[in-house]
Each structure stands twice: as C-alpha cells, then as structure tokens.
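Structure assessment
Now for the letters of each chain:
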Amino acid sequence: MTYPYDPNNSYYQTPQPYGAGYPPMPRNNGMAIASMCVSLAAIFTCYGALLIGPVGAILGHVSLREINRDQQAYTNRSMALTGIIVGWSLFAAWALLITFVILAATGVLGPALQEGFES
C-alpha cells in the first residue's frame, strides 16, 4: 500500500515554489499615470495650462523613454502618450489664444478688431 505523500510513489511530484516558471507580471509606470493626470487636470485650469500642460508632457516623454527601454516590464504606454498629446495640445492652444488676443489688442490684425478692446 502506498501513502499519498510517499516519496517512492511514481505519481508524487514535489511542490514547486510559488511563481516558479512564470515571468513576472508587467506593472504600471507611475510617471505615465502622473503625466496623464497632470495633463488632464490642465484642461480644467484656465491659464494653468500654460504651465501645467508642459509639465504633463515632459513627464510623459520621460515615462515613455522608460517604457521603451524595458517593454516587458510596463503596460501603460497609452497613458504616457495621452499625457504627451494632451499636454502639448493644451499648451499650444493657450499660446495661440494669448498671441491672438495680444495682436488684436495692439491693432496688428487691423483696426476693426482693436475697437472691441477700446471700450
């Protein structure tokens, strides 16, 4: 008669340690999450997008470099790209708007636009 844990039993296999043979699970890059959150927060701030937008975009560039360096370790490349795209887009939109307002107020774009600022 053989016992269930008899080492002479041919059906008995030694237990493997937890996680043996499996690659480590990919994790999220914290800087990519921060990049997306900061860039999306810049949407809700008026002039803060001029300062907050580039911060989110730069965080996105740094995290994207880390993700590209070790692609097997990180899973959130899309969050880094979202931070980059939203951050630079908001910065460009606000910079163009402020440039237009300054040019319209000084009369460079024509006297018809400047009349709206003289009241």
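Everything numeric here is computed off the predicted structure, so don't read it as measured data.

1. Points about the overall build of the protein chain
Within the protein chain one finds four helices and zero strands. In the protein chain, the succession of α and β elements from N to C terminus is α-α-α-α. Taken across its 119 residues, the protein chain has 23% of its residues classed as buried. Partitioning the contacts of the protein chain with sequence separation of at least 6, the portion at a separation of at least 24 is 61%. Summed over all atoms, the accessible surface of the protein chain reaches about 8800 Å², with 66% contributed by carbon and sulfur.

2. Section: the UniProt feature "transmembrane region" (unreviewed entry) in the protein chain
Summarizing the sequence annotation, UniProt attributes the feature "transmembrane region" (unreviewed entry) to residues 32-59 and 80-109 in the numbering used throughout. Its end C-alpha atoms 7 Å apart, residues 32-59 is made of 75% helix and 0% strand.

3. Observations regarding helix α2 (residues 49-69)
Taking 1.5 Å of rise per residue, 21 residues should cover 30 Å, and α2 covers 29 Å from first to last C-alpha, within 8% of that figure. Taken together, the buried positions of α2 are occupied by A49, G53, P54, G56, A57, G60, S63, L64 and I67. Contacts made by the buried residues of α2 are with α1 (30-41) and α3 (77-106).

Reading the values: rules and limits
- Residues numbered from 1 in each chain as written.
- Predicted model: local features only at pLDDT ≥ 70, side-chain atom pairs only at ≥ 80, totals over all residues.
- Heavy atoms only, no water.
- Helix = DSSP H or I, 4+ residues; strand = E, 2+ residues; numbered from the N terminus.
- Buried < 20%, exposed > 50% of the residue type's maximum accessible area, 1.4 Å probe, protein only.
- Contact = heavy atoms within 4.5 Å.
- Areas by Shrake-Rupley, 256 points an atom, 1.4 Å probe, with all protein chains shown as cover.
- UniProt positions renumbered as here; feature names shortened; annotations may be inferred.
- Expected span 1.5 Å × (residues − 1).

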